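Topology and contacts: notes
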Amino acid sequence: MTTAITVKDVTIAYRKKPVVQEVSFTVPEGKLVGIMGPNGAGKSTLIKGILGLLPLVSGEVSIYGKPYKSQRKLIGYVPQRESVDWDFPTNALDVVLMGRYGHAGMFRRLRAYDKEFAYACLEKVGMADYAKRQISQLSGGQQQRVFLARALAQDAHVYFMDEPFTGVDAATEKAIVLLLEELKSQGKTVLVVHHDLQTVNEYFDWLLLMNIRKVAFGPTSEVFVPDNLQEAYGGKLLFQKSAAYNAQ
Amino acid sequence: MSHGLWIIITGSLVAASCGFVGCFLILRRMAMLGDAISHAVLPGIVIAFFLSNSTDNVFMLMGATVIGVLTAFFIQTLHTAGVQEDAAIGVVFTSLFAIGVVLVSLFASDIHLDVQHVLYGEIAYVPWDMATLAGVEMPRAVWMISGVFALSLLIVGLFYKELKLVSFDAQMAAAAGIPVVFIHYLLMALVSMNTVAAFESVGAILVVAMLVVPGAAAYLLTDRLGAMLGLSIVFGIVSACAGYIIAVYFDVSISGAMTTSAGLLFMLCFLFSPRYGVVSRVLEQRRLKKAT
Amino acid sequence: MDFLLSVIQDPNARWVIAGCFLLGISSGVLGCFAFLRKQSLMGDVIAHAALPGICLAFMLQGEKNTMLFMLGALGTGLLGTWCVHSIVRHSRIKSDTALGIVLSVFFGFGTVLLTGIAQTGAANQSGLDAFLFGKAASLVQADVSMMATTAGILLVLVLLLFKEFKLLCFDSNFGRGLGFPMGILDAMVMLMIVLTVVIGLQAVGVVLMSAMLIIPPLAARYWTEKLSRMVLISGIFGAISGVFGTIISGFVPKLSTGPVIVLAAAVLFLFSMLAAPRRGLIVRQVERMRVRRRVAEERASREAERARVPYGGAVSKGGDA
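Residues numbered from 1 in each chain as written. Chains lettered and ligands numbered in written order. Predicted model: local features only at pLDDT ≥ 70, side-chain atom pairs only at ≥ 80, totals over all residues. Heavy atoms only, no water.

Focus on the packing of helix 2 (residues 11–36) of chain C against helix 10 (residues 182–204) of chain C
Residue and element names in this part refer to chain C. In plain terms, the rule: To define axes, lines are fitted to C-alpha atoms, for helices over the stretch in contact only, and angles between the resulting N-to-C directions are given on a 0 to 180 degree scale. A run of DSSP states H or I qualifies as a helix once it reaches four residues; a run of E qualifies as a strand once it reaches two. Both are numbered from the N-terminal end. Note on convention: the crossing is left-handed when the near helix lies turned anticlockwise from the far helix by less than a right angle, right-handed when the turn is clockwise. We call two residues contacting when some pair of their heavy atoms lies within 4.5 Å. Residues are sorted three ways: Asp, Glu, Lys and Arg are charged, Ala, Val, Leu, Ile, Met, Phe, Trp, Tyr, Cys and Pro are nonpolar, and all the rest, Gly among them, are polar.
Close contact between helix 2 and helix 10 brings their axes to 9 Å; oriented N to C, the two are set at 145°. Relative to helix 10, the crossing made by helix 2 is left-handed. On helix 10, the residues touching Cys20, Leu23, Ser26, Ser27, Leu30, Phe33 and Ala34 of helix 2 are Val189, Met192, Ile193, Thr196, Ile199, Gly200, Ala203 and Val204. For the contact of helix 2 with helix 10, the per-class residue count stands at 11 nonpolar, 4 polar and no charged.

Laid out in structure tokens, this is it:
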């Protein structure tokens, strides 16, 4: 099995406090990995650190054996929706086209092929009719789908998604899950920061449970157990038991 | 009293009063709103000068204060109408200031203001313009700024809890029943009054400096609001005194020198503050890296 | 009218107007990027920070040398932006406070230098005063050529790197993830904004130059939903303000050009905010009233319907009772 992502002893600090501490794990190719933990556990920070958006105090990251900096073209990123100002003067198609910029390179214009590809990605997420719609007029779920389409347009091998399921309607949630399945069937590797304990088992094959430090990593069935959940979340015994119970 | 002393007193009072009120602007992330008001009161001052022939300062103070509060109101209205905050501030104050400059240029002979004066005031003239109240003779500017300072202290003292909460968490304050809007415009009125009282002596730019710089320096030294307020007054006075000395020695603009001194003071705090300074942070990062 | 004709025919006036035209376009275009990055007020800081640079340049030369002044302005302008970023990055001071600090302290230091120069009795110092509020009339051919070259370079860069700048403004993290050198692009836009400010200083002055970076883009935003069109319209608005403001201020010798240009832009803004076809306030208000009327009409017809069918049952046709 090829290793898609290797994270070794990564530590990220904010001011004086470590927010991610000495986290290590290795993701094999083609897995759908959820990243779970309580609020403030450093999940989002970890993703940003892996992608080089935040400086690492220590540790290293490699994608398919090479440092991530040289593997940009293989990486797709879906940031949190709040990271962007949705009043920006642009439409849905335009946002998806931004996913093609990496392939076009600096100074170059986009080609007709890029436009077609972007359009196809919008279709995949069911947003083809909204291509020319101003993004401020889209609902939360629609905006999330546009972000996903943009990531698809990157045509990557490894995808990082930051809370894609947060604040979306049921239809969008279904659409996202179908998309994840399709990506998996294409052999792509996907890491998803998630927050909903109820759906972990259903959505993800592998799971990283963390709370600043890594609690456990591996196949969901092995990781998503009461002891680990207790260690990561601490305190919410009742809730954890029933979620893990359903997992069994 | 020597002229020099009056100038120092004026400068210190301006710096202390503005620095004190400015702390709340800093905490509420409204420093640029303070900048906006200090520019926008210009047309108000000009019109007041025009109407009252600069003999009745109280009316000028009130009139220009109204303009200052109106400015905050315009900006808020624009913001609510969909304009992003920084652009709303930018549009309103530059337009109003432009109007003010035009008025000053056109009617300079009728009012005793000229365009340069507007920018950096003429604090050197302060001791020449004396006024007697209750048998005490002091420069008019000193009367004004002392009055405004006293009023600022009074209002902040009265509304201390409210100002503190609103600065920290406006939503929670509103939920707790505190009239957030009233407090906001009260602060804007204080800023306007301070601006106007200071304008004639130190001009638009120094007012901004005094509103922001002493408080910012204090912010880097302490975690307690009371201490921050006190320190900002001290820093304001120090900047004013140091500035005067420098200005006399090099024969340069007094208000400019006071501003520069404040800036230097800030830089010292920025670098060497025991808790928040750059030097201590670098040392802390090194300690953290060694531990990992 | 005669005055207007004489203005156009006067070769000096032509340079002045050309200069203000260029300043208007560049500030309109570059201002869009500052606006979209929520950095409109940075332009104000840059302009105020330019003052000490201009004074220092004068102190080196002893007489008016526009090229040197511009370089001085560029130097301290860039220093100012660096200071703002440093303060925010390395302390708990927030960005608005940092802007206020740098703006006032740099300008204050600039006035120290300005008055220091005045003391030396340098009679040519009048060239410096023009930089406070702008004196477009002092523009000569050499100045305008330099403005044209700089503006030309800026516009070409915007054209070449449009999609990169769009990415920078919209989602810079994503851009970095793609591998674009966001840090460099960010610095570039900052540099381009500083250059734009420097171009306009002679005509508009340090105190009001920032208005030209803020008002035309804001006005243009009301007319379109596409970034490319917004940039174009903003440039046009800036140019119109520059030209008209200069001509109008030419009628009154006592007036500096800066405030009049700014007021021209403000008028355009007011007009746009009120009257723009889809986003303007008047149109929106009319729409709102229309919707309200329609809702009222629908409710009225529903009430009428209910009155005819008292118990909500099937409507009886004809005379079945």
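Quick notes on the pairing of strand 9 (residues 206–211) of chain A
Moving residue by residue along a regular strand, the side chains alternate between the two faces of the sheet. Residues and elements named next belong to chain A. Basically, it comes down to this: Summary of the burial criterion: residues with accessible area below 20% of their type's maximum are buried, those above 50% are exposed, and those between are partly exposed, where the area comes from a 1.4 Å probe applied to protein chains only. A pair of strands is treated as paired once DSSP finds two or more bridges between them.
Among the 6 residues that make up strand 9, 5 are buried, leaving the element largely enclosed by the rest of the structure. Relative to strand 9, strand 3 (residues 32–36) is paired through 4 bridges, and the arrangement is parallel. Across the sheet, residue Val33 finds its bridge partner in strand 9, namely Trp206. The antiparallel pairing of strand 9 with strand 10 (residues 213–219) creates a hairpin that spans 1 residue between the two strands, and Ile212 there sits at a positive phi of about 65°.

Some thoughts on empty space enclosed by the protein
We count it as follows: In this analysis, the protein atoms alone were mapped onto a 1 Å grid. Cavities are point sets where a 1.4 Å probe fits without being able to get out; pockets are open sets with protein on both sides within 12 Å along at least five of seven lines; lining residues have an atom within 4 Å of a point. Grid points are joined across faces, edges and corners, and a volume is the space filled by probe spheres set on the points.
Inspection of the entire model under this criterion finds 3 cavities of 30 Å³ or more. The calculated volume of the largest cavity comes to roughly 50 Å³. For the second largest cavity, the calculated volume is near 40 Å³. Elements that contribute at least two residues to the lining of the second largest cavity include exactly helix 5 (115–120), helix 9 (180–219) and helix 11 (254–272) of chain B together with helix 5 (95–119) of chain C.

Considerations on the pattern of salt bridges
The condition is simple: We count a salt bridge whenever a side-chain nitrogen from Lys or Arg sits within 4 Å of a carboxyl oxygen from Asp or Glu.
Counted under the stated rule, the structure contains 16 salt bridges over all chains. Of the charged contacts, one joins Asp114 of chain A and Arg100 of chain A as a salt bridge, the two residues approaching to 2.9 Å between their closest N and O atoms. With Asp114 of chain A in helix 4 (residues 112–124) and Arg100 of chain A in the loop between helix 2 (92–97) and helix 3 (101–104), the pair connects residues that are 14 residues apart, well separated along the chain. Between Arg37 of chain C and Asp186 of chain C there is a salt bridge, and its shortest N-O distance comes to 2.7 Å. Of this pair, Arg37 of chain C sits in the loop between helix 2 and helix 3 (40–61) while Asp186 of chain C sits in helix 10, placing them 149 residues apart in sequence.

What to know about the state of the cysteines
Stated precisely, the cut-off is as follows: In plain terms, two cysteine sulfur atoms within 2.5 Å form what is called a disulfide here.
Within the structure shown, the criterion is met by 0 disulfides over all chains. For the unlinked cysteine Cys269 of chain B, the closest cysteine sulfur is that of Cys23 of chain B, found at 12 Å. We note that Cys83 of chain C lacks a disulfide partner, and the nearest cysteine sulfur, in Cys269 of chain B, lies 16 Å from it.

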